[in-house]
Amino acid sequence: MGIAVLTMKASVIEMFLVLLVTGIHSNKEMTKKIKRPKFTVPQINCDVRAGKIINPEFIVKCPAGCQDPRYHVYGTDVYASYSSVCGAAVHSGVLDNSGGKILVRKVAGQSGYKGSYSNGVQSLSLPRWRESFVVSGETTKAYQSPSAPGTTAQPVPLMQALGTTAVEGTHTTLPKPPPSAGSTTSSLRPQPAGQRSQELAGEPELWKPGSVLLDAGCKVDLSFLIDGSASIGKRRFRIQKQFLADVAQALDIGPAGPLMGIVQYGDNPVTQFNLKTHMNSRDVKTAIEKITQRGGLSNVGRAISFVTQNFFSKSNGNRGSAPNVAVVMVDGWPTDKVEEASRFARESGINIFFITMEGASENEKQYVLEPNFANKAVCRTNGFYSLSVQNWFSLHKTVQPLVKRVCDTDRLACSKTCLNSADIGFIIDGSSSVGTGNFRTVLQFVANLSKEFEISDTDTRIGAVQYTYEQRLEFGFDVYSTKPDVLNAIKRVGYWSGGTSTGAAINYALEQLFKKSKPNKRKLMILITDGRSYDDVRIPAMVAHHEGVITYAIGVAWAAQDELEVIATHPARDHAFFVDEFDHLYQVVPKVIQNICTEFNSQPRN
């Protein structure tokens with residue numbers, strides 16, 4: 001009996017030891033399973049703007065060298081989303097020029113951004129922008145997973161705990177992970193670590209270079225020019241209408257987001273409904289279903305002209321604060337020319353996209369009236385604004401790529417802004433009192449101002465006049481159409497030397513420069529002088545103001561304040577500036593840019 005009891009005790013002890021060892025092994029395996037994977041923080045380039053990244057918060061790694069002035073930054077502490085992310089990080093002191101990891105938080109747009117010089121970066125002023133961001137070096141402290149008993153909390157970059165990938169092209173919203181007992185995510189709204197207790201908050205996803213996320217804040221005024229010509233046929237016309245309905249659904253039409261109208265063209269264009277007719281996707285889709293085909297030719301150029309002159313007006317619901325986008329749908333090729341009509345549309349601030357279905361084959365190209373018509377029409381010939389569809393039955397695949405592009409407002413390069421919609425004439429004093437060295441400083445000032453603008457034959461254009469007793473056209477608005485060419489031309493201007501006839505110089509500039517300005521461009525005259533004029537400036541200045549030329553007067557050293565105020569557009573406090581030395585001219589650059597943009601933003605658009 002005693003032996004049996006001992007044997008039983010030995011069996012129990014043996015079983016206990018087996019269970020103990022098994023439990024330890026299982027615990028190790030479980031620990032291995034829940035071991036947190038390592039995640040790589042994505043590196044971005046210095047020129048990536050915050051507005052290009054849709055996520056409300058994200059961690060990225062900046063490279064070295066972002067202190068370079070070509071990476072523009074707007075604001076101080078709180079930055080406009082048009083700014084370089086990494087440039088702002090250097091300006092704020094979060095990073096030095098060697099780069100590193102940063103945490104970026106999106107915040108509301110501001111009514112004004114003040115420029116400043118900090119940490120080797122000169123930020124610029126901006127009167128208004130739709131979205132802002134702040135930068136922090138706290139990439140681990142603010143976002144940590146709470147510790148389990150007996151473990152150490154590990155810092156988690158944004159959204160790593162979700163275990164989800166970037167949104168694919170077929171999605172329009174961020175995925176929501178299901179809640180679970182052991183999950184580290186229960187909400188997509190991050191909270192400060194100090195406020196987290198029993199309920200754990202999830203964190204926004206890491207932005208990955210190359211991933212495309214649909215901007216929930218997409219706000220555009222959108223016109224579709226649809227092909228109603230006889231050649232398209234009833235079946236294809238129905239496919240086109242289904243495509244429009246799918247786009248309307250994907251866009252989520254609404255007063256705070258995108259608005260959509262449709263113009264059908266054949267021989268002549270007609271508005272099916274405008275921007276303010278329907279305020280939600282359901283109503284837009286219903287209206288699309290009721291559209292009937294008109295027939296006729298494919299007069300696309302006439303349709304584009306119609307949209308430019310009639311569609312984007314305040315009475316038709318154009319908001320002014322939203323980019324204007326026209327998407328042209330063409331079956332095959334147009335039966336008229338589009339180049340001139342499209343140029344005028346682009347210069348009016350309309351971003352033209354082209355969708356070409358079943359384009360001309362090699363044998364059919366002989367019938368095309370205007371070769372490369374799409375490239376002649378679109379806002380930029382970089383592939384972003386053109387979509388080619390091999391056959392109508394593939395058109396549905398274009399919905400998501402198109403929606404993402406029209407909502408990518410940072411890339412809508414033809415939208416009118418204070419930096420891309422002017423003809424700017426510099427009137428430069430080359431009198432003897434300036435001197436060779438100071439004249440080069442003046443040219444550098446002219447170059448520094450010019451750098452801030454988007455320069456092309458359809459964006460801002462630059463011209464220059466130098467004057468003494470006489471006047472000389474250094475180059476006109478139509479000579480140089482790229483920023484490097486303009487800056488090189490400024491550098492090549494030679495010092496003239498002579499007297500100071502400022503009044504005659506203004507008259508000369510009006511005749512030789514501004515008479516050749518385009519009608520839909522803002523005309524800006526920036527005059528730089530270092531002394532009192534030998535002739536009268538009042539009448540020439542009045543003529544300039546009467547002709548709609550906005551005049552800025554920059555005085556240096558011996559310039560007469562009363563003359564500057566006469567030359568400058570009213571109010572003089574916003575258009576006349578004075579510095580006591582040529583070496584201080586650089587201080588005026590952000591003030592002039594800010595006032596140009598403030599004035600632009602206070603005027604009705606389009």
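Residues numbered from 1 in each chain as written. Predicted model: local features only at pLDDT ≥ 70, side-chain atom pairs only at ≥ 80, totals over all residues. Heavy atoms only, no water.

Enquirer: I'd like a rundown of the overall build of the protein, residues and numbers included.
Expert: Of the regular secondary structure elements, the protein holds 15 helices and 19 strands. Contacts in the protein between residues at least 24 apart in sequence constitute 76% of all its contacts with a sequence separation of at least 6. When the accessible area of the protein is evaluated, it comes to approximately 28900 Å², of which 53% is carbon and sulfur surface. (Helix = DSSP H or I, 4+ residues; strand = E, 2+ residues; numbered from the N terminus. Contact = heavy atoms within 4.5 Å. Areas by Shrake-Rupley, 256 points an atom, 1.4 Å probe, with all protein chains shown as cover.)

Enquirer: How would you sum up the pairing of strand 18 (residues 549-556)? Please name residues and give values.
Expert: Strand 18 sits mainly inside the fold: eight of its eight residues count as buried. What you see with strand 18 is no split at all: V549, T551, A553 and G555 on one side and I550, Y552, I554 and V556 on the other are buried throughout. Bridge count for strand 17 (residues 522-529) against strand 18 is seven bridges, and the pairing is parallel. Bridge assignment links K523 to a residue of strand 18, and that residue is V549. Of the strand pairs in this sheet, strand 18 and strand 19 (residues 576-579) are connected by four bridges, and their pairing is parallel. Bridge pairing in strand 19 places A553 opposite A576. (Buried < 20%, exposed > 50% of the residue type's maximum accessible area, 1.4 Å probe, protein only. Pairing = 2+ DSSP bridges.)

Enquirer: Now, about unusual backbone geometry: what can you tell me, with residues and values included?
Expert: For the peptide bond that leads from H570 to P571, omega is -5°, which places it in the cis range. Counting through the fold element by element, P571 comes out in the loop between helix 13 (561-567) and helix 14 (572-575). Its identity as a non-glycine residue notwithstanding, N372 has a phi of 55°, on the positive side. With respect to the helices and strands, the residue N372 is situated in the loop between strand 12 (350-357) and helix 7 (373-377). Residue N372 is classed as exposed on the basis of its relative accessible area of 58%. The residue S497 is not glycine, and still its phi comes out positive at about 80°.

Enquirer: Residues and numbers for the nonpolar core, please.
Expert: Across soluble globular proteins, nonpolar side chains have a tendency to be buried as a group. F224, F243, I304, F354 and L402 are the most contacted members of the largest nonpolar core, which has 66 residues in total. It is helix 3 (residues 233-251) that provides the largest number of residues to this core, a total of seven residues. Dropping the residues within four chain positions of it, F224 is found in contact with F243, L244, V247, M260, G261, I262, V263, V327, M329 and L402. L524, F577, F582 and I593 belong to the second largest nonpolar core, which has 47 residues in total. (Core = buried A, V, L, I, M, F, W, Y, C linked by side-chain atoms within 4.5 Å.)

Enquirer: Report on the side chain of E599, specifying residues and quantitative values.
Expert: Relative to the helices and strands, E599 is located in helix 15 (residues 588-601). No salt bridge is formed by the buried E599; the nearest opposite charge belongs to R522, separated by 4.1 Å. A distance of 3.1 Å separates a polar atom in the side chain of E599 from a polar atom in the side chain of H575. Among all residues touching E599, those that are not within four sequence positions of it are R522, I550, Y552 and H575. (Lys, Arg positive; Asp, Glu negative; His and termini not counted. Salt bridge = Lys/Arg side-chain N within 4 Å of Asp/Glu carboxyl O. Polar contact = N/O pair within 3.5 Å; in protein donor to acceptor, adjacent residues only side chain to side chain.)

Enquirer: I'd love a proper account of the pattern of salt bridges, names of residues and values included.
Expert: Under the criterion given, the structure shown has 13 salt bridges. E358 serves as the salt-bridge partner of R236, at 3.2 Å between the closest nitrogen and oxygen. Of this pair, R236 sits in helix 3 while E358 sits in the loop between strand 12 and helix 7; the two residues are 122 residues apart in sequence, bridging distant segments of the chain. A residue is classified by how much of its surface remains accessible, and R236, at 29% relative accessible area, is partly exposed. Put simply, E511 and K515 hold a salt bridge, and the shortest N to O gap is 3.3 Å. Taking relative accessible area as the criterion, E511 reaches 41% and is therefore assigned partly exposed.

Enquirer: If you had to explain the sheet that holds strand 17 to someone new, which residues and values would you point to?
Expert: The mixed open sheet is built from six strands, whose spatial order is 16-15-14-17-18-19. Two strands bound the open sheet, and with one partner strand each, they are strand 16 (471-475) and strand 19. Each neighbouring strand pair of the sheet contributes to a mean axis angle of 20°, computed without reference to strand direction. As defined by bridge partners, strand 14 (residues 422-429) adjoins strand 17 across seven bridges and the pair is classed as parallel. The residue bridging D423 from the neighbouring strand is K523, located in strand 17. Contacts between helix 11 (residues 502-512) and the sheet are confined to strand 14, strand 15 (461-467), strand 16, strand 17 and strand 18, with strand 17 contributing the most and set at about 155° to the helix. (Axes fitted to C-alpha atoms, helices over the stretch in contact; angles between N-to-C directions.)

Enquirer: Any details on the sheet that holds strand 1 (residues 57-62)? Residues and values, ideally.
Expert: Strand order across the open sheet formed by five strands is 1-4-7-3-2, with antiparallel pairing between neighbours. The strands lining the two open edges of the sheet, one partner per strand, are strand 1 and strand 2 (75-76). Pairing of strand 1 with strand 4 (residues 100-108), which is carried by six bridges, proceeds in the antiparallel orientation. Within strand 4, the position partnered with E57 by the bridge is R105. Against the sheet, helix 2 (residues 85-92) contacts strand 1, strand 2, strand 3 (78-80), strand 4 and strand 7 (131-136), and its axis sits at roughly 55° relative to strand 7.

Enquirer: Describe the environment of I539, and please don't skip the residues or the numbers.
Expert: For I539, the location among the structural elements is in helix 12 (residues 538-546). Taking relative accessible area as the criterion, I539 reaches 56% and is therefore assigned exposed. For the pair I539 and G503, spaced 36 residues apart in sequence, the C-alpha to C-alpha distance is 7.9 Å.

Coordinates in, geometry out; function isn't part of it.
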